[in-house]
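The primary structure of each chain is shown beneath.
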Amino acid sequence: MFNYIKGQITDIQENYLVIETGGGVGYELNCSHHTLTALKISNEHNKIFVHYSQSEAGVFLYGFHSKEEKAMFLRLISISGIGPKAAITVLSGVAPNELAMIILRSDIEGLVKIKGVGKKTAERIILELKDKVHAEFKSAPLILDNIANTLPSDANKDAVLALMSMGYSKNEATEAVGRVNCAGKALDQIIIEALKQ
């Protein structure tokens, strides 16, 4: 129904913002912490991606600073038992790229660390989204800077995982990273050199 709303942000609260369009209408958008901190009240026009939701509780609009965050939100609400409010809670606890890497690593502990996410919910998220996330990353490889910022410290293992998310098989990724002298190198350097192998 709605793809985005463009207008001036007139109010920002703990869980939502108000964006006023040219017609003088102020729309209340429920947003994640990441979206709310990325925006500010100003006279400038902002483009906020939105999702319309209607339930017994009422009609709600959810706002997103980026297409990536909206896409992850839609993946989350596709899971049985996870509604829009729960999805916003998850996205408030972790950035979309980081959440994607947590899912690809099957990192249940990483998900449980997010406020409001229990073990069963974490397991369901990983079970239902891992293949979808992997397929999307395979068709649209991650930006190396984002990978470097979102993966943990075990550089060799994480470089292999990053290459796999770009479409390499496990054996291909392992061999490529194995040919790189990883000692003392940052993760993004390892990935760049592995891609040259």
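Residues numbered from 1 in each chain as written. Predicted model: local features only at pLDDT ≥ 70, side-chain atom pairs only at ≥ 80, totals over all residues. Heavy atoms only, no water.

To continue, consider the overall build of the protein. A tally of regular secondary structure across the protein gives 10 helices and five strands. In terms of overall dimensions, the protein has a C-alpha envelope of 60 × 40 × 25 Å along the principal axes. Buried positions account for 40% of the 197 residues belonging to the protein. Of the contacts formed within the protein by residues at least 6 apart in sequence, a portion of 53% connects residues at least 24 apart. (Helix = DSSP H or I, 4+ residues; strand = E, 2+ residues; numbered from the N terminus. Buried < 20%, exposed > 50% of the residue type's maximum accessible area, 1.4 Å probe, protein only. Contact = heavy atoms within 4.5 Å.)

Between helix H8 (residues 155-165) and helix H9 (residues 170-178), the shortest axis-to-axis distance is 9 Å and the interhelical angle comes to 135 degrees. Here H8 lies oblique to H9, going by the angle between them. Between H8 and H9 the crossing geometry is right-handed. Here Asn 156, Ala 159, Val 160, Leu 163 and Met 164 of H8 come into contact with H9, specifically with Lys 170, Ala 173, Thr 174, Ala 176 and Val 177. A class-by-class count of the residues in the contact of H8 with H9 yields seven nonpolar, two polar and one charged. (Axes fitted to C-alpha atoms, helices over the stretch in contact; angles between N-to-C directions. Parallel < 35°, antiparallel > 145°, perpendicular 65-115°, else oblique. Left-handed = near helix turned anticlockwise from the far one by under 90°. Nonpolar A, V, L, I, M, F, W, Y, C, P; charged D, E, K, R; others polar.)

Another point: the side chain of Thr 35. Position of Thr 35 relative to the elements: it lies in helix H1 (residues 33-38). For Thr 35, the contacting residues outside a window of four places in its chain are Gly 63, Phe 64, His 65 and Glu 69.

Moving on, we come to unusual backbone geometry. Backbone geometry at Ser 106 places phi at a positive 55 degrees, although glycine is not the residue there. For Ser 106, the location among the structural elements is in the loop between helix H4 (96-104) and helix H5 (108-112). Residue classification places Ser 106 among the partly exposed positions, given a relative accessible area of 31%.

It is worth spelling out the sheet that holds strand E2 (residues 16-20) at this point. Two orientations exist for strands paired in a sheet by backbone hydrogen bonds: parallel and antiparallel. Strand order in this closed barrel of five strands is E1-E2-E3-E5-E4, and the pairing throughout is mixed. Each strand axis lies, on average, 55 degrees off the axis of its neighbour in the sheet, ignoring direction. Sheet topology note: the strand E3 (residues 26-31)/strand E5 (residues 58-64) ladder contains three bridges and is parallel. Considered in E5, the bridge of Cys 31 is made with Gly 63. Packed onto the sheet, helix H2 (residues 67-77) meets strand E4 (45-55) and E5 and runs at close to 10 degrees relative to E4. The strands that helix H3 (residues 84-93) touches are E3, E4 and E5; relative to E5, the one it contacts most, it runs at about 25 degrees. (Pairing = 2+ DSSP bridges.)

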